[in-house]
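The residues making up each chain are set out below.
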Number of protein chains: 2
Amino acid sequence: MKRVSVIGVGKTKYGVLKDKTLLDLAVEAASKAIEDAGITPEGVDAFYLANYGGSDFVNQSHLAPYVGAALGLRRGVPCIHIENACASGGSAVREGIIAIMSGTATRVLVVGVEKMNTVPTPKVTEFLAKAGDWENEVRVGYTFPSAFAMVARRHMHEYGTRREHLAAVAVKNHSNGLKNPYAHMRKSLTMEEVLGDERVVADPLRLYDCSLITDGASAVVLCDKNSVRENLKKTVDVLGFAQTNDTFALYQKDNLTRFDATVEAARLAFKMAGIKPQDVDVVEVHDCFTIAEIVAIEDLGFVPKGEGGPATLDGLTSIGGKFAVNPSGGLKSKGHPVGATGVDQIVEVVLQLRGEAGERQVRGAEIGLTHNIGGSGATCVVHILSRG
Amino acid sequence: MKRVSVIGVGKTKYGVLKDKTLLDLAVEAASKAIEDAGITPEGVDAFYLANYGGSDFVNQSHLAPYVGAALGLRRGVPCIHIENACASGGSAVREGIIAIMSGTATRVLVVGVEKMNTVPTPKVTEFLAKAGDWENEVRVGYTFPSAFAMVARRHMHEYGTRREHLAAVAVKNHSNGLKNPYAHMRKSLTMEEVLGDERVVADPLRLYDCSLITDGASAVVLCDKNSVRENLKKTVDVLGFAQTNDTFALYQKDNLTRFDATVEAARLAFKMAGIKPQDVDVVEVHDCFTIAEIVAIEDLGFVPKGEGGPATLDGLTSIGGKFAVNPSGGLKSKGHPVGATGVDQIVEVVLQLRGEAGERQVRGAEIGLTHNIGGSGATCVVHILSRG
């Protein structure tokens, strides 16, 4: 079975980018990744484009050749658009990996992009809610903030999780994001500020428990490990990966404090990689809400169930802690351009494993993991990477 | 390199299906294909869902796990939604093939589905137009009927193609569709009726030059050829495939009468299959408009440039002719549920190669080809199949 390496990464600034189109963003991130890989657009054999809401946000579908043609890819290059809600990016990276494993491509470009700040916030919430079960939940008032509020409330009930634990996630991720020049909201937060903030979004979640509405793009270039040129600077290898599914609607889940798709994806990816959670140095998880990070580090096996909050409050997941979670700032501070997020998690882990993460570098990081979920946890994609 | 076989096919009736939801349609087609393959949902290792406009037509995105969970797929099964405009189906089948070639899956389910009759026709046209270049063309009046009208007008100018040639495509495909119990519009048309019809859609295209707004779903089960059980009935093998891209907007093309993405996809797929156009017995092409079939059979190399119209009028592409084109009735009569179309082309060719196409059977068919395009020809997917 062919092994796959990441040979290039690139991204745009994340934020409210009024003067850049979706195409501008995708081309900028792609061009940087292609340059970082030491190749040209002609060297790309297959192209995967992750995007969630182009049709709604910018009236543009069929985005893969839209971006591919603008990049000047060869005519024989398949350009494929992957949409798996907030896990679009992780899914696209996985398709890129298996394209190489299939022998049909040697070098694959994967770009994730989202341009969201084109409509008012309630419209954004509505567009995002289409990733949930419209007929049975959304139509009658379900939104993602309300869904994760229920997850938080139940986690508090079952495990004694408190608002301090949620706040600790926000404070840590904003502290990390402050060290990331590409992050959307580079704003330091104290526990007092977060706990004192009274802007309730969906009780018990308040404003600082929620991720951001962000424009941005991120890209990676994948390569058959046997074809990586020797003169290339540090590369990163894919050790394991898995994509799983679960019941689609929240009401169908028998347990609100555990995402079974994450549990299974972690099991499969760790098995493929032949390592254990304690071998991992750096982790990027899907903290669309603070509670989601707590649930994720439990479901991934980094801490026992119910201990995600205390572990965060105790600093185990800080840069310099036992295992760094979301050194990039996460969706919470770095931002969450939906289609880009899963790709950007790979970008961050690659930078960390190459020792190029600047002020937020996790010292001596050798193995990293990414965790990307979609909808009400109906999709989970996990990748495990190691220094090449 | 692993070889891939199609071991099961299934589809719903195509038409205006007011009483069936998108989920109903997808589950019905998938269940039939799974049964035809002699397996159960538990036997599926990976799932690709092709859909273009679920977000617009039924407010539902994240469709892959939506359908996958309803089918009862195992939790460890990756469910991936592919959107490549009208070529979504062909793209999804290709991803399924390479998933098997990668060694990550042995049996792959691919479902294409579209539920379109939820909004008035002008809205359908608007939603479909998002597959074109919104910023530069659609926003100022571009629609797909107008685009293909320009292609027709230029083809007439360059090659002397006449309305009789376009009409011959409609008459043939409606004659074929009459023999397809699953077709949307099972209505016989004469040359006189088509030529006499004065309902202009976009000059020179009239009503009978246009494909249909259709609800429906189609599905295939792919399998590693080495794992096909010996007791299984006739299987069909994938000989070759290719997916290509081209300039995105129509105005960027230097030639309106040729789709370069088709020319290149045909070249690559024939090369991979090791055969020539004259070896093909049955063809399903993307006749979204009558002129599109004429251009397609030229670009695929079945007839010289400019001779697609006369070849059709002379009966070369009829069932019983030199090579049968669109024996299913094509998008024109069978219908065009956008995300399903590329998958259904595979279904039809498989039925033909298995000798199970009933009244529309192409006698002795051994090799078939499918041709699926997206947007203004910015994506093309070609598959070549042979009797197993």
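Residues numbered from 1 in each chain as written. Chains lettered and ligands numbered in written order. Predicted model: local features only at pLDDT ≥ 70, side-chain atom pairs only at ≥ 80, totals over all residues.

Novice: Explain the overall build of chain A residue by residue, including any values.
Specialist: From N to C terminus, chain A includes 13 helices and twelve strands. A globule of 388 residues ought to have a C-alpha radius of gyration of about 21 Å, and chain A, at 19 Å, matches this closely. When burial is assessed residue by residue, chain A has 65% of its 388 residues classed as buried. A fraction of 79% describes how many contacts in chain A between residues 6 or more apart in sequence connect residues 24 or more apart. (Helix = DSSP H or I, 4+ residues; strand = E, 2+ residues; numbered from the N terminus. Rg over C-alpha atoms; globule rule 2.2 N^0.38 Å. Buried ≥ 20, exposed ≤ 12 C-beta atoms within 10 Å, placed from the backbone. Contact = placed C-beta atoms within 7 Å.)

Novice: Explain the packing of helix H4 (residues 88-101) of chain A against helix H13 (residues 338-353) of chain A to me, using residue names and the numbers behind them.
Specialist: Residue and element names in this part refer to chain A. Two numbers describe how H4 lies on H13: the axes approach to 5 Å, and their chain directions differ by 55°. By the angle between their axes, H4 is oblique relative to H13. Two secondary-structure elements touch here, H4 through Ser88, Gly89, Gly90, Ser91, Ala92 and Val93 and H13 through Val338, Gly339, Ala340, Thr341, Gly342, Val343, Asp344 and Ile346. When the residues that make up the contact of H4 with H13 are grouped by side-chain class, the tally is six nonpolar, seven polar and one charged. (Axes fitted to C-alpha atoms, helices over the stretch in contact; angles between N-to-C directions. Parallel < 35°, antiparallel > 145°, perpendicular 65-115°, else oblique. Nonpolar A, V, L, I, M, F, W, Y, C, P; charged D, E, K, R; others polar.)

Novice: Account for the environment of Cys210 of chain B, naming residues and giving values.
Specialist: All names here are of chain B. Among the secondary structure elements, Cys210 is positioned in the loop between strand E6 (205-206) and strand E7 (216-224). Cys210 sits 126 residues away from His336 along the chain, and the two C-alpha atoms are 10 Å apart. Dropping the residues within four chain positions of it, Cys210 is found in contact with Pro145, Val201, Leu205 and Phe289.

Novice: Would you mind going over unusual backbone geometry in detail, with residue names and values included?
Specialist: Looking along the chain, the bond that leaves Asp203 of chain A and enters Pro204 of chain A is cis, with omega of 10°. Following the sequence through the fold, Pro204 of chain A ends up in the loop between strand E5 (200-202) and strand E6 (205-206). In this model, His62 of chain A sits at a positive phi of 55°, which is unusual for a non-glycine residue. By the secondary structure assignment, His62 of chain A is in the loop between helix H2 (54-57) and helix H3 (63-71). By the C-beta count within 10 Å, which is 29 here, His62 of chain A ends up buried. Residue Ala85 of chain B is not a glycine yet carries a positive backbone phi of 55°.

Novice: A description of the interface of chain B and chain A should follow, citing residues and the corresponding values.
Specialist: Contact residues are listed per partner, giving 51 residues for chain B and 51 residues for chain A. Secondary structure elements with two or more residues in the side of chain B that touches chain A: helix H2 (54-58), helix H3 (63-71), strand E3 (79-82), helix H4 (88-101), strand E8 (236-245) and helix H9 (260-273) of chain B. Among the elements that line the side of chain B that touches chain A, the one with the most residues is H4 of chain B, at six residues. Residues that form the side of chain B that touches chain A fall into these classes: 22 nonpolar, 20 polar and nine charged.

Novice: Tell me about the nonpolar core, residues and numbers included.
Specialist: Generally speaking, nonpolar side chains in soluble globular proteins are found buried as a group. Val111 and Val220 of chain A together with Val111 and Val220 of chain B are the most contacted members of the largest nonpolar core, which has 280 residues in total. Among residues more than four places away in sequence, those in contact with Val111 of chain A are Ala26, Ala29, Ala30, Leu49, Val67, Ala217, Ala219 and Val343 of chain A. (Core = buried A, V, L, I, M, F, W, Y, C linked by C-beta atoms within 7 Å.)

Novice: Account for the domain arrangement of chain A, naming residues and giving values.
Specialist: All names here are of chain A. As far as domains go, chain A holds domain 1 (4-119 + 213-235) and domain 2 (139-212 + 237-387). In this structure, domain 1 and domain 2 have C-alpha centres spaced 23 Å apart. Taken residue by residue, the interface counts 41 residues in domain 1 and 36 residues in domain 2. Where the side of domain 1 that touches domain 2 is concerned, the elements lending two or more residues are strand E1 (4-11), H4, strand E4 (107-114) and strand E7 (216-224). (Domains from an automatic or database assignment.)

Novice: Explain helix H7 (residues 163-177) of chain A to me, using residue names and the numbers behind them.
Specialist: Residues and elements named next belong to chain A. Counted at 1.5 Å a residue, the expected span for H7 with its 15 residues is 21 Å, and the 21 Å between its end C-alpha atoms agrees. Within H7, twelve of the 15 residues are buried, leaving the element largely enclosed by the surrounding structure. Among all positions in H7, only His165, Leu166, Ala167, Ala168, Val169, Ala170, Val171, Lys172, Asn173, His174, Asn176 and Gly177 are buried. (Expected span 1.5 Å × (residues − 1).)

Novice: Please provide a residue-by-residue account of the relation of the copies chain B and chain A, values included.
Specialist: Of the transformation superimposing chain B on chain A, the axial component is 0.0 Å and the angular component is 180°, with the fit at an RMSD of 0.0 Å. When the rotation and shift are considered jointly, the pair of chain copies conforms to a two-fold rotation axis. The C-alpha atom lying nearest the rotation axis in chain B is that of Ser102 of chain B; the distance is 1.8 Å. (Least-squares fit on C-alpha atoms with pLDDT ≥ 70 in both.)

Novice: Give me the lowdown on the environment of Tyr251 of chain A, citing residues and values where you can.
Specialist: Positionally, Tyr251 of chain A belongs in the loop between strand E8 (236-245) and helix H9 (260-273). Exposure remark for Tyr251 of chain A: the 12 C-beta atoms within 10 Å place this residue in the exposed category.

Novice: Account for the confidence of the model for chain A, naming residues and giving values.
Specialist: Atom-level detail of predicted coordinates should not be read off regions where pLDDT is low. This prediction gives chain A a mean pLDDT of 97; 99% of its residues lie at or above 70. Both scores are available for the predicted complex, with the pTM at 0.98 and the ipTM at 0.98. (pLDDT = per-residue confidence, 0-100.)

Novice: Provide a residue-level description of the packing of helix H1 (residues 22-36) of chain A against H3 of chain A, including the pertinent values.
Specialist: All names here are of chain A. Where H1 meets H3, the axes come as close as 10 Å, and the angle between the chain directions of the two elements is 55°. As the angle between them shows, H1 and H3 are arranged oblique. The two elements H1 and H3 meet at a crossing, and its hand is right-handed. From H1, Leu23, Ala26, Val27 and Ala30 reach across to H3, where they touch Tyr66, Val67, Ala70 and Leu71. Residue composition of the contact of H1 with H3, by class: eight nonpolar, no polar and no charged. (Left-handed = near helix turned anticlockwise from the far one by under 90°.)

Novice: Describe the pairing of E8 of chain B, listing the residues and the values that go with them.
Specialist: Residues and elements named next belong to chain B. For E8, the tally of buried residues reaches eight of ten residues, placing the bulk of the element in the interior. Bridge analysis of E8 against strand E12 (residues 379-387) gives nine bridges, and the strand direction is antiparallel. Paired with Thr244 across the bridge in E12 is Cys380. (Pairing = 2+ DSSP bridges.)

Novice: Just give me the short version of helix H1 (residues 22-36) of chain B, but keep the residues and values in it.
Specialist: A turn of α-helix holds 3.6 residues, and therefore any two residues three or four places apart point the same way. Residue and element names in this part refer to chain B. Over its 15 residues, H1 extends 21 Å from the first C-alpha to the last, a length consistent with the 21 Å expected when each residue adds 1.5 Å. With eleven of 15 residues buried, H1 lies mostly within the body of the structure. Taken together, the buried positions of H1 are occupied by Leu22, Leu23, Leu25, Ala26, Val27, Glu28, Ala29, Ala30, Ala33, Ile34 and Asp36. Contacts made by the buried residues of H1 are with strand E1 (4-11), H2, H3, strand E4 (107-114) and E7. The positive-phi residue at the C-terminal boundary of H1 is Gly38, with phi of around 70°.

Novice: I'd like to hear about the environment of Val27 of chain A, residue by residue, with values.
Specialist: Residue and element names in this part refer to chain A. When you line up the elements, Val27 lands in helix H1. Overall, the presence of 21 C-beta atoms within 10 Å leaves Val27 in the buried class. Between the alpha carbons of Val27 and Gly68 there is a distance of 8.6 Å; along the sequence they are 41 residues apart. Contacts of Val27, omitting those with residues within four sequence positions, involve Val67, Ala70 and Leu71.

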